[in-house]
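Descriptive structure summary
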Amino acid sequence: MENTIEIKNLTKSYGKQRGIENINLEIPKGIVYGFIGPNGAGKSTTIKCIMNMIRKNSGEIIINGKKVENKNYEVKQEIGYLPSEIHLYEDLTVKKLLKYSASFYKKDCTQKTEKLVKRLEIDINKKIEELSLGNLKKVGITLALMHNPQFIIMDEATSGLDPLMQEEFYKILEEEKAEGKTIFFSSHILNEVKRICDKVAIIKEGKIVKIENIESLEDTNIVKVKIETEEIEKLEKELEIEQVITKKENKIEFLYSKEINSLIEKISKYKISKLLIQEIDIEEIFIHYYK
Amino acid sequence: MLKRELKINLKSLIIWSITLILIYILIYAIYPNLITEESRGALEQMMNSMPKEILANFNMDIVGIETVFGWFKTEGYIFLTLIGGIYSAILGGTILLKEENDKTIEFLYSKPVSRNKIVTSKILCGVINIFIFTTIVTVINWISLSNGEDFDTKQFLMISILPILLYYMLFFIMLFISTFFKKTKPVMSLSIGIVFLSYFMQIIGNMGENVKIIKDISLFEFVSSRYIILNNAIDMKYVYIGIGIIALTMLGTYFRYNRKEFLG
């Protein structure tokens, strides 16, 4: 399959601060690619490198077969970018800002802009400085999509949107995907990644720790176990539990990724008052990778 | 982009032009009333008691200030260079950096636009604004002064137009310096600081032969009205060096800006 974007050995450090190290990503055309990790893991740094806002130390970024460099700014004709924090010219009205934004593109953006403004219920006569965070986000979404780009990059897209608007936004993204657009979707909210993404890269402390299809992420071999017993300490040692979620007096909750049979064999020796083994949701997979 | 840029900066252009024009008009209006036979004698007496070095700073050793045109060539010129200089320095220091300070660079640079184009449109806007500023002030001064008996058109034009060299030097120097910063606030202070430092270097340098070197590196010396008054010509040596400084800082700005990080 054709790749919209290829990132090869991308490294960026900020002196003492941690940056990103050896990031490798291949995003095939036409999919929604999730990019998850906690705050500060390097999501925005990666995205800023893609946008050429910051200079990479080494590595390569290729979008639609073209390297991202200062002189290759034309690739941005086909990129829609929604930054995590939106800062716009406060002196302008939404209407004027949208018009200014459209002036940079070679195509006519009017129709798409009107459609987005209507669906997201944006008051275009308001000044940017009067907008609430949620409304600013909606303008940001419009700016990212108005020129009908083939490649959409969204950094923490839904923060600040109310739940109804979030639904509308997911719908818009689904439609974009149906039109064959590629979407790179950075988030730290796992449920939304699970909902809209086809594939996901997990980033931790500046490194990609895992790249998975969403389905396989969901059926990885991890279960959540809850046990109530008087002999918690002993049990914990014997099972070699690594990832305790909670531990209270006689209750313990943990993630278990080894063979289930051996688990049952071992705990059968104990006096157990309650036992619960369940499939874990994506939130807990997340914890699994970050603990 | 340039259109939007010009629009944003129009307000400060108007404010700075009006400030300077008001100062001039106010003084032109009251000046003739101040100069009477009586006060003229007192003025002369006062001048004679002042050290020659001090008078030289205001050109008062070579120009009489009994007329408004005389005043324009002495104290008036200081207003022209100082106020226009501060305006140009602040404009240069903030015009490019403001996008990063306000984090709107993230919007602008998500568009298919090169960094060179961003710099070019900012430079064009600054150059146009400063040109308009100089033109407005020159026209108003012409209207106000040209009726005077001692008015000398050639001298007036040289004195009015030469400061644009200082303005552009300050604009480009500050533009270059701003590429080393992330926030506009320190650059604003620095802009004003550099203008005053440069001005006082010229004054101190006038105090004696052994400190003359300080004067020679002051930006204000590049646009010395003294040379014009004494020689009825512009010192082209300084114009060439000035253009050289402008070219260097302009190239430096493009170079630095292409390597800059937009952290946001």
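Below is a summary of the structure that appears in this document. (Residues numbered from 1 in each chain as written. Chains lettered and ligands numbered in written order. Predicted model: local features only at pLDDT ≥ 70, side-chain atom pairs only at ≥ 80, totals over all residues. Heavy atoms only, no water.)

**Some remarks on the overall build of chain B**
Counting secondary structure elements, chain B contains 13 helices and zero strands. A globule of 264 residues ought to have a C-alpha radius of gyration of about 18 Å, and chain B, at 20 Å, matches this closely. By principal-axis analysis of the C-alpha atoms, chain B measures approximately 70 × 40 × 30 Å. Here chain B, with 264 residues, has 50% of them falling under the buried criterion. The long-range share in chain B, meaning contacts at least 24 apart out of those at least 6 apart in sequence, stands at 78%. Per element, the accessible surface of chain B, about 12,200 Å² overall, is 68% carbon and sulfur. (Helix = DSSP H or I, 4+ residues; strand = E, 2+ residues; numbered from the N terminus. Rg over C-alpha atoms; globule rule 2.2 N^0.38 Å. Buried < 20%, exposed > 50% of the residue type's maximum accessible area, 1.4 Å probe, protein only. Contact = heavy atoms within 4.5 Å. Areas by Shrake-Rupley, 256 points an atom, 1.4 Å probe, with all protein chains shown as cover.)

**Observations concerning the overall build of chain A**
When helices and strands are counted, chain A shows ten helices and 14 strands. Among the 291 residues that make up chain A, the fraction classed as buried is 49%. Pairs at least 24 apart in sequence give 70% of the contacts found in chain A among residues at least 6 apart. When the accessible surface of chain A is summed, it comes to about 14,500 Å², and 47% of that surface belongs to carbon and sulfur atoms. Taking the average location of the 48 positive side-chain charges in chain A and that of its 49 negative ones, the two points are 4 Å from each other. (Lys, Arg positive; Asp, Glu negative; His and termini not counted. Charge placed at Lys NZ, Arg CZ, Asp CG, Glu CD.)

**Remarks on the packing of aromatic side chains**
One pass over the structure, following the stated rule, counts 31 aromatic pairs over all chains. Taking the centre distance of 5.0 Å and the plane angle of 35 degrees together, the rings of Y87(B) and F133(B) count as tilted. A residue pair is termed long-range when its members are at least 10 positions apart, and Y87(B) in helix α4 (residues 68–95) and F133(B) in helix α7 (residues 115–145) qualify at 46 residues. For the residue pair Y87(B) and F133(B), the accessibility class agrees, reading buried in each case. Following the ring pairs from residue to residue traces out a cluster consisting of Y24(B), Y28(B), Y31(B), F69(B), W71(B), F72(B), F79(B), W142(B), F151(B) and F156(B). The aromatic ring of Y89(A) is capped on one face by R4(B), whose charged end is 4.3 Å from the ring centroid. Seen from the ring of F180(B), R256(B) lies directly overhead, with NZ or CZ sitting 4.0 Å from the centre. (Phe/Tyr/Trp six-rings, centres within 6.5 Å; stacked < 30°, edge-to-face > 60°. Lys NZ or Arg CZ within 6 Å of the ring centre and 35° of its normal.)

**Examining helix α13 (residues 236–259) of chain B**
All names here are of chain B. Taking 1.5 Å per residue as the helical rise, α13 with its 24 residues ought to reach 34 Å, and the 35 Å between its terminal C-alpha atoms agrees with that figure. Buried within α13 are the following residues: Y238, V239, G242, I246, T249, G252, T253, Y257 and N258. At its buried positions, α13 is contacted by α5 (98–101), α6 (105–108), α7, α9 (163–178) and α11 (212–216). (Expected span 1.5 Å × (residues − 1).)

**Looking at the packing of α7(B) against helix α8 (residues 153–161) of chain B**
All names here are of chain B. Relative to each other, α7 and α8 sit at 150 degrees, their axes nearing to 10 Å. Considering their axes alone, α7 and α8 lie roughly antiparallel with respect to each other. Between α7 and α8 lies a crossing of right-handed hand. Where α7 abuts α8, its residues T134, T138, N141, W142 and L145 lie against T153, F156, L157 and S160. The residue inventory of the contact of α7 with α8, partitioned by class, reads four nonpolar, five polar and no charged. (Axes fitted to C-alpha atoms, helices over the stretch in contact; angles between N-to-C directions. Parallel < 35°, antiparallel > 145°, perpendicular 65-115°, else oblique. Left-handed = near helix turned anticlockwise from the far one by under 90°. Nonpolar A, V, L, I, M, F, W, Y, C, P; charged D, E, K, R; others polar.)

**Brief notes about the pattern of salt bridges**
Residues and elements named next belong to chain A. Under the defined criterion, the tally for this structure stands at 30 salt bridges over all chains. A salt bridge links E60 to K67; the nearest nitrogen and oxygen atoms lie 3.4 Å apart. For K67, a relative accessible area of 39% puts it in the partly exposed group. The network of salt bridges with common partners includes K112, E176, E179 and K181. (Salt bridge = Lys/Arg side-chain N within 4 Å of Asp/Glu carboxyl O.)

**Considerations on the environment of I204(B)**
All names here are of chain B. Tracing the sequence through the fold places I204 in helix α10 (residues 184–205). By relative accessible area, which is 43% here, I204 ends up partly exposed. Taking C-alpha positions, I204 is 23 Å from I245, a pair spaced 41 residues apart along the chain. Those residues in contact with I204, other than ones at most four positions away along the chain, are V211 and I214.

**Some thoughts on a nonpolar patch on the surface**
Together, L124(B), I128(B), F131(B), I132(B) and I136(B) make up a nonpolar patch on the protein surface, roughly 390 Å² of accessible area in all. Residue position: F131(B) is located in helix α7. (Patch = residues over 30% accessible without salt bridge, like charges linked within 9 Å, V, L, I, M, F, W, Y side chains within 5 Å.)

**Section: the nonpolar core**
Counting 149 residues, the largest nonpolar core has M154(A), F184(A), F185(A) and F72(B) as its most contacted members. With 14 residues, the single largest contributor to this core is α4(B). The residues touching F185(A), leaving out its near neighbours within four places in the chain, are V32(A), Y33(A), G34(A), F35(A), M154(A), A157(A), F169(A), L173(A), E192(A), I196(A) and C197(A). V225(A), L235(A), Y256(A) and Y270(A) belong to the second largest nonpolar core, which has 13 residues in total. (Core = buried A, V, L, I, M, F, W, Y, C linked by side-chain atoms within 4.5 Å.)

**So, the packing of helix α2 (residues 94–102) of chain A against helix α4 (residues 133–145) of chain A**
The relative placement of two packed helices is expressed as an angle between their axes plus a distance between the axes. Residue and element names in this part refer to chain A. Viewed as axis vectors pointing N to C, α2 and α4 meet at an angle of 25 degrees, and their least axial separation amounts to 10 Å. By the angle class used here, α2 and α4 are roughly parallel. Regarding α2 and α4, the two cross each other, and that crossing is right-handed. Between α2 and α4, the residues in contact are V94, L97, L98 and S101 and V139, T142 and L143, respectively. When the residues that make up the contact of α2 with α4 are grouped by side-chain class, the tally is five nonpolar, two polar and no charged.

**Considering the interface of chain A and chain B**
Taken residue by residue, the interface counts 26 residues in chain A and 24 residues in chain B. Buried surface at the junction of chain A and chain B, summed over both partners, amounts to about 2,600 Å²; 56% is from carbon and sulfur atoms. Three residues, M53(A), Y89(A) and F104(A), lead the burial of chain A against chain B; their summed loss comes to 27% of the area buried on that side. Inspection of the region where chain A meets chain B yields three salt bridges. Among the ionic pairs, E106(B) bridges to K48(A), the shortest N-O distance being 4.0 Å. For the interface between chain A and chain B, the tally reads 14 residue pairs in polar contact (both at pLDDT 80 or more). Those elements that provide at least two residues to the side of chain A that touches chain B are β1 (3–14) and α2 of chain A. In terms of residue count, α2(A) provides more of the side of chain A that touches chain B than any other element does, three residues in total. Each residue belonging to the side of chain A that touches chain B can be placed in one class, and the counts come to 15 nonpolar, five polar and six charged. (Buried area = accessible area lost by both parts, 1.4 Å probe. Polar contact = N/O pair within 3.5 Å; in protein donor to acceptor, adjacent residues only side chain to side chain.)

**Topic: a negative patch on the surface**
A cluster of like negative charges, contributed by E90(A), D123(A), E129(A) and E130(A), occupies part of the molecular surface. Mapped onto the elements of the fold, E129(A) is located in the loop between α3 (110–119) and α4.

**Details of the side chain of T134(B)**
All names here are of chain B. Residue position: T134 is located in helix α7. A polar side-chain atom of T134 sits 2.8 Å from the main-chain carbonyl oxygen of I130. Leaving out residues up to four positions away in the same chain, T134 has contacts with S160, I164 and Y167.

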